[in-house]
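# An overview of the molecular structure
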Amino acid sequence: MEIFHISAECYPMAKVGGLADVVGALPKYQTNAGHNTRVVVPCYDTKFKNENIFECVHWGTVKLGNFNFPFNVLKESTNKLGYELYLIEINELFNRPNIYGYEDDIERFVAFQIAVLDWIIARNKVPDVINCHDHHTGLIPFLLQFAYKYENLKDVKTVITIHNGLYQGWFGFDKLYYLPEFDLKHVGFLEWNNCINSLAVGIKCADAVTTVSPSYLNEINYAANGLEGLFNSVRNKSKGILNGIDFEVWNPLKDSMIAENYSINDFEAGKQKNKEKLCEQFELDPSKPLFSFIGRLFDEKGGDLLPQATALALSENFENLNILILGSGKPEIESQLIQLRTDYKGNYNVFIGYNEDLAHLIYAGSDYILMPSRVEPCGLNQMYAMRYGTIPVVRRTGGLRDTVIDFGDDGNGICHDQASVGDICYSINRGLKLFADKINFNKVVQRGMTADHSWERVCQEYIEIYNLIIEKNEI
Ligand code: ADP
């Protein structure tokens, strides 16, 4: 079947978080399974764009209300990613270094969605399924059904995959005129709480809704930033599918971004070498247990709890503990974390920013990964960490609940229930005790390293949903 994935992110072209990893991996496994899989993302000014060769396969003008933007569709020439990657080039809107965070984000992503559909309809070949990802592509299921100019694509089946339901792409009805003409009697599909809510539009209009873990699907029925009722009402067309991880990118035996490669057979020595390199870089002591955090420094990730939890854990256990943080986000969290450097030099360090290579080294060289998330639709860090023999320390929520079992129940990690400084420190203390008991520590590590989070299995679950909506119109 022919499948289009439409997304704002796709690794390695453009990554902010897990969305990119999923959209960069799932299509590869769908292609391997015999499907024609294409990924379409905006053409940002990124390293990948500048270092690779693209050919122009289509051009046109996208109309956004009274504005007209010329656009090109660029195809990555070599197909080296394992699927066809297409970039929508609208220079005025996307030729910028960052993916999000601009005042005209609504204009950017509405124009992107219109350009994608203008191109798909111009191909004169109707795809079987369009899989939209998050709110940046939520208008597509609506436009396909109701915009006059996409009449010929009316029967294309659509899935919206929710990677993060907190962000919804709201905008006022004063911008309704951006959309291509449609039958106004359907305007209600656009509305949620007096706004146009892109994510809600996608949820209402898509043939199927998927979330990136089963537990997250349950949780958004009572906590979804205002969309709880909507999620309840579409339960019969929704499914939670736990993300996989790309073993070709995340493999400690082959990873070129780490200091020493290793497998489950020699992980102790291999990890120690990576830890030494990491500790040298950050002036830490490699003989002490190392707890790390990688991620966006926002409240949803428990980022606001990190400075206090770090200070408390270090002041209680100064002699036998290291903490390292990699991330960026809220300025006040960043500055508190930087401040801690002076107080706990030698036991603590922080790197503010985004650094893919460093993230890989941290997964390889740490003993524990901290994930005190308030909300975690799936979470990939815990799966990467386990693959690299690093024990996840998590708050039970969303995908963390589905993937991490406490070592007290013969599991692969350390779990707590509250998003609180006390719970984080309690878990760190349990981690310190476990670290001192090498035999049991290694057992927990090995259970994590052997967990099956492969995309092969997960990819089939997506295909089953596509088949159901194509054959029966329901899931
Ligand atoms: P989310 O998408 O909510 O941010 P996920 O756990 O799904 O969280 O995915 C996070 C991804 O982003 C992982 O690949 C993680 O390694 C990566 N990541 C997050 N922050 C950074 C950072 N500062 N530097 C490098 N990689 C990062």
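Here goes a summary of the coordinates provided. (Residues numbered from 1 in each chain as written. Predicted model: local features only at pLDDT ≥ 70, side-chain atom pairs only at ≥ 80, totals over all residues. Heavy atoms only, no water.)

Tallied over the entire structure, the rule returns 21 aromatic pairs. A centroid spacing of 5.7 Å and a plane angle of 85 degrees characterise the contact between Y44 and F94, whose relative ring orientation is edge-to-face. Linking Y44 in the loop between strand 2 (36-42) and helix 2 (47-51) with F94 in helix 3 (residues 91-94), this pair joins segments that are 50 residues apart in sequence. Judged by its relative accessible area of 1%, Y44 is buried. Arranged with centres 5.0 Å apart and planes meeting at 80 degrees, the rings of F142 and F182 form a pair that is edge-to-face. With F142 in helix 5 (residues 140-146) and F182 in the loop between strand 8 (170-171) and strand 9 (191-192), this pair connects stretches of sequence that are 40 residues apart. Across the pair, F182 and F142 agree in class, each one buried. Through a chain of ring-to-ring contacts, three or more aromatic side chains come together here, namely Y44, F94, Y100, F109 and F112. In this arrangement the basic side chain of R387 is found over the ring face of F247, its NZ or CZ atom lying 3.8 Å from the centre. The ring of F441 carries K438 above its face, with NZ or CZ at 4.6 Å from the centroid. (Phe/Tyr/Trp six-rings, centres within 6.5 Å; stacked < 30°, edge-to-face > 60°. Helix = DSSP H or I, 4+ residues; strand = E, 2+ residues; numbered from the N terminus. Buried < 20%, exposed > 50% of the residue type's maximum accessible area, 1.4 Å probe, protein only. Lys NZ or Arg CZ within 6 Å of the ring centre and 35° of its normal.)

This part takes up the site of the ligand. The local shell around the ligand holds 19 residues, among which K15, G18, D21, R296 and K301 are the closest. Here a nitrogen atom of the ligand sits 2.9 Å away from a polar atom, N or O, in the main chain of G353. For the ligand, an oxygen atom lies 2.9 Å from a polar atom in the backbone of L380. About the coverage of the ligand: the protein hides 93% of its 570 Å² of free accessible area. At the level of secondary structure, the elements contributing two or more residues to the shell around the ligand comprise helix 1 (18-32), strand 13 (290-297), strand 14 (322-329), helix 12 (356-365) and helix 13 (381-387). Looking at the shell around the ligand, the element that brings in the most residues is strand 13, giving three residues. The class makeup of the residues in the shell around the ligand is seven nonpolar, eight polar and four charged. Looking at the shell around the ligand, you find at least three residues from each of domain 1 (2-244 + 456-470) and domain 2 (267-452). (Near = heavy atom within 4 Å. Polar contact = N/O pair within 3.5 Å; in protein donor to acceptor, adjacent residues only side chain to side chain. Areas by Shrake-Rupley, 256 points an atom, 1.4 Å probe, with all protein chains shown as cover. Nonpolar A, V, L, I, M, F, W, Y, C, P; charged D, E, K, R; others polar. Domains from an automatic or database assignment.)

One can find K271 in helix 9 (residues 267-282). Overall, the relative accessible area of 8% leaves K271 in the buried class. Considering only alpha carbons, one finds K271 and P252, 19 residues apart in sequence, at a separation of 9.4 Å. Once residues lying within four places of it in the same chain are set aside, the contact partners of K271 are Y262, Y363, A364, G365, S366, Y388, G389 and T390. Side-chain polar atoms of K271 contact the backbone oxygen of Y388, separated by 2.8 Å. (Contact = heavy atoms within 4.5 Å.)

Glancing now at the nonpolar core. Judged by nonpolar contacts, the single largest core of 76 residues is most densely connected at V40, L85, I88, I90, I130, L139 and I203. When residues in this core are grouped by element, the largest group, 10 residues, is from helix 4 (residues 105-122). In this view, L85 contacts C10, M13, V39, V41, F48, L74, K75 and E76; residues no more than four positions away in its chain are not counted. Of all hydrophobic cores here, the second largest spans 68 residues; its members include L314, L370, Y384 and I391. (Core = buried A, V, L, I, M, F, W, Y, C linked by side-chain atoms within 4.5 Å.)

Right, let's talk about the state of the cysteines for a bit. A full pass over the atoms with the stated rule returns zero disulfides. Take C43: it sits in no disulfide, and the sulfur closest to it among the cysteines is that of C56, at 11 Å. The buried category is assigned to C43, whose relative accessible area is 5%. (Disulfide = S-S within 2.5 Å.)

Summed over all chains, the structure comprises 26 salt bridges. Across the pair R401 and E219 runs a salt bridge whose closest N-O atoms are separated by 4.0 Å. Taken together, the residues span a long stretch of sequence, with R401 in helix 14 (residues 398-403) and E219 in helix 7 (residues 214-219) at a distance of 182 residues. (Salt bridge = Lys/Arg side-chain N within 4 Å of Asp/Glu carboxyl O.)

Sheet architecture is open: six strands sit in the order 15-14-13-16-17-18, paired in parallel fashion. On the outer flanks of this sheet lie strand 15 (348-352) and strand 18 (414-416), each paired with one strand and no other. Averaged over all pairs of adjacent strands, the angle between strand axes in this sheet comes to 15 degrees, irrespective of strand direction. Judged from the eight bridges that link them, strand 13 and strand 14 form a sheet pairing that is parallel. Across the sheet, residue F293 finds its bridge partner in strand 14, namely I325. Along the sheet face, helix 12 touches strand 13, strand 14, strand 15 and strand 16 (368-371) and points at about 145 degrees away from the line of strand 13. (Pairing = 2+ DSSP bridges. Axes fitted to C-alpha atoms, helices over the stretch in contact; angles between N-to-C directions.)

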